[in-house]
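Coordinate inspection notes
Single-letter residue listing:
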Amino acid sequence: MQHEDTPILVTGGAGYIGSHTCKALAMAGYRPVVYDNLISGHDWAVRFGPLEQGDILDHETLRAVLRRHRPVGVMHFAALIDVAQSVADPLAFYRNNVVGTISLLRAMQAEGINRFVFSSSCATYGPTERMPISEDTFQAPINPYGQTKLMVEQIMQDCARSGPLSAVALRYFNAAGADPERELGEAHDPETHLIPLALGAVNGNVNALTINGTDFPTQDGTCIRDYVHVSDLAEAHVKALAFTGDHQGFEAFNLGTGHGASVREVVQVAERVTGRALPHTFGPRRAGDAPALVADAGRARTMLGWQPAQSDLDTIVETAWAWMNR
């Protein structure tokens, strides 16, 4: 347990995973200081510490915030995340995700802060035949979004080699679910994630769910993903932060369950949890969709002591449904 006032800067802390992590930090005795431009984040999600409104590309404001709060470390969630948008406008993604992170690391270096936890992605791996995916799987992203995450990882490694940076990249598989106390949840605009789209189709908020691709080489023809509860992800960040206090250099960890669920299985669970039919149609595959993505998260288990506790699909869907109907 930390001293109550130990500040941590959380960029993008008004977003989905960032806000859940702020709650986990507060419960572990830290004071999360959110730094967010509120373009896609929500001020209502900032409830566990102060909000500093600013952009990661604004180097001087970042430095001023770091000087004011003197955090012992930084958690970096601020990023553009829509894969399709990254294909349509790659320069926006390289500017925000890569140049923005360089701006943040420079500010940290100038202010003498060297503990860094980065929100990375399984999108850094690209297509692979080998399942589950371990951290030493070759990284060959197939879209600009994944490419920006990989570039940041490489920058972190170089910085850790050249100076005292202690850096952890957490490669998420599919974040899903909502805070069990219903304080926080998923609220993207536009929403692109399967589970909120499926539940939106159940309650009539969105049109019928489109299942993209029924001819994948999987058991039921739909693609398989490894869904991990957002509160479990948040817990992994707190453990990664503790890890940076004891270890020098760069380390990467997969965050997933090791179990995949197909799109059709998600539909079945959503119908079972809600007790309602889920209207759905079928469409062609989306460009760049891998048939299956499942994590080998053994390294996080061994080195961070992290074990997902709420990531069975029923719990994920139940918490997302409760949040949607709060």
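My aim in this report is to walk through the structure given alongside it, one point at a time. (Residues numbered from 1 in each chain as written. Predicted model: local features only at pLDDT ≥ 70, side-chain atom pairs only at ≥ 80, totals over all residues. Heavy atoms only, no water.)

This part is about empty space enclosed by the protein. Rolled over the atoms, a probe sized like a water molecule indicates the empty space that remains. Scanning the entire structure with this criterion turns up one cavity of 30 Å³ or more. Taken as a whole, the largest cavity holds about 40 Å³ of empty space. Forming the boundary of the largest cavity are His76, Ala78, Ala79, Asn97, Thr101, Phe118, Lys149 and Val152. Counting residues per element, the ones that place at least two in the lining of the largest cavity are α4 (90-110) and α5 (144-162). By residue class, the composition of the lining of the largest cavity is four nonpolar, three polar and one charged. (1 Å grid on protein atoms, 1.4 Å probe; cavity = no way out; pocket = protein on both sides within 12 Å on 5 of 7 lines; lining within 4 Å. Points joined across faces, edges and corners; volume = space filled by probe spheres on them. Helix = DSSP H or I, 4+ residues; strand = E, 2+ residues; numbered from the N terminus. Nonpolar A, V, L, I, M, F, W, Y, C, P; charged D, E, K, R; others polar.)

This part is about the pattern of salt bridges. For the coordinates displayed, the defined rule picks out 17 salt bridges. A salt bridge links Glu111 to Arg70, with the shortest nitrogen-to-oxygen separation between them at 3.4 Å. Residue Glu111 is found in the loop between α4 and β5 (115-121), and its partner Arg70 is found in the loop between α2 (59-69) and β4 (73-76); the two are separated by 41 residues along the sequence. Overall, Glu111 belongs to the buried group, its relative accessible area being 10%. Taking the relative accessible area as the measure of exposure, Arg70 reaches 41% and is therefore partly exposed. Linking Asp215 and Arg285 is a salt bridge whose minimum nitrogen-to-oxygen distance equals 2.9 Å. (Salt bridge = Lys/Arg side-chain N within 4 Å of Asp/Glu carboxyl O. Buried < 20%, exposed > 50% of the residue type's maximum accessible area, 1.4 Å probe, protein only.)

It is worth spelling out the side chain of His76 at this point. Positionally, His76 belongs in strand β4. Relative accessible area serves as the criterion here: at 1%, His76 is assigned to the buried category. The contact partners of His76, leaving out residues within four places of it in the chain, are Thr11, Ile56, Thr101, Leu104, Phe116, Val117, Phe118 and Ser119. (Contact = heavy atoms within 4.5 Å.)

Here we take up the packing of helix α1 (residues 16-27) against helix α7 (residues 230-246). Running from N to C, α1 and α7 cross one another at 60°; their axes reach a closest spacing of 8 Å. Taken together, the axes of α1 and α7 lie oblique to each other. Handedness of the α1/α7 crossing: right-handed. On α7, the residues that touch Tyr16, Ile17, His20, Thr21, Ala24 and Leu25 of α1 are Val230, Ser231, Leu233, Ala234, Glu235, His237, Val238 and Leu241. When the residues that make up the contact of α1 with α7 are grouped by side-chain class, the tally is nine nonpolar, four polar and one charged. (Axes fitted to C-alpha atoms, helices over the stretch in contact; angles between N-to-C directions. Parallel < 35°, antiparallel > 145°, perpendicular 65-115°, else oblique. Left-handed = near helix turned anticlockwise from the far one by under 90°.)

This next bit is on the side chain of Asp226. The residue Asp226 is located in the loop between β9 (224-225) and β10 (227-229) in this model. Buried within the structure, Asp226 lacks any salt-bridge partner; Arg301 is the closest side chain of opposite charge, at an N-O distance of 9.5 Å. Here the side chain of Asp226 touches Gly258 through a polar contact of 3.0 Å, landing on its backbone nitrogen. Asp226 has contacts with Phe173, Asn174, Gly256, Thr257, Gly258, His259, Gly260, Leu293, Val294 and Ala295, leaving out every residue within four places of it along the chain. (Lys, Arg positive; Asp, Glu negative; His and termini not counted. Polar contact = N/O pair within 3.5 Å; in protein donor to acceptor, adjacent residues only side chain to side chain.)

It is worth spelling out the sheet that holds strand β14 (residues 292-293) at this point. Strands sit in the order β12-β9-β14 across an open sheet of three strands; the sheet is mixed. At either margin of the open sheet sits one strand with a lone partner, and together these are β12 (261-262) and β14. Examined bridge by bridge, β9 and β12 share two bridges and lie antiparallel to one another. Across the sheet, the residue bridging to Ile224 is Ser262, located in β12. (Pairing = 2+ DSSP bridges.)

Our focus in this paragraph is the nonpolar core. Counting 34 residues, the largest nonpolar core has Ile17, Leu25, Leu170, Leu255, Leu304 and Trp306 as its most contacted members. Only β1 (6-11), α1, β2 (30-36), β6 (166-172), α7, β11 (249-255) and α9 (298-304) provide two or more residues apiece to this core. Here this core takes eight residues from α7, the largest share from any one element. Ignoring anything within four residues of it in the chain, the contact list for Trp306 reads Val228, Asp232, Glu235, Ala236, Lys239, Leu255, Gly256, Ala297, Ala300 and Arg301. Counting 25 residues, the second-largest nonpolar core is a separate cluster that includes Tyr35, Leu104, Ala107 and Ile113. (Core = buried A, V, L, I, M, F, W, Y, C linked by side-chain atoms within 4.5 Å.)

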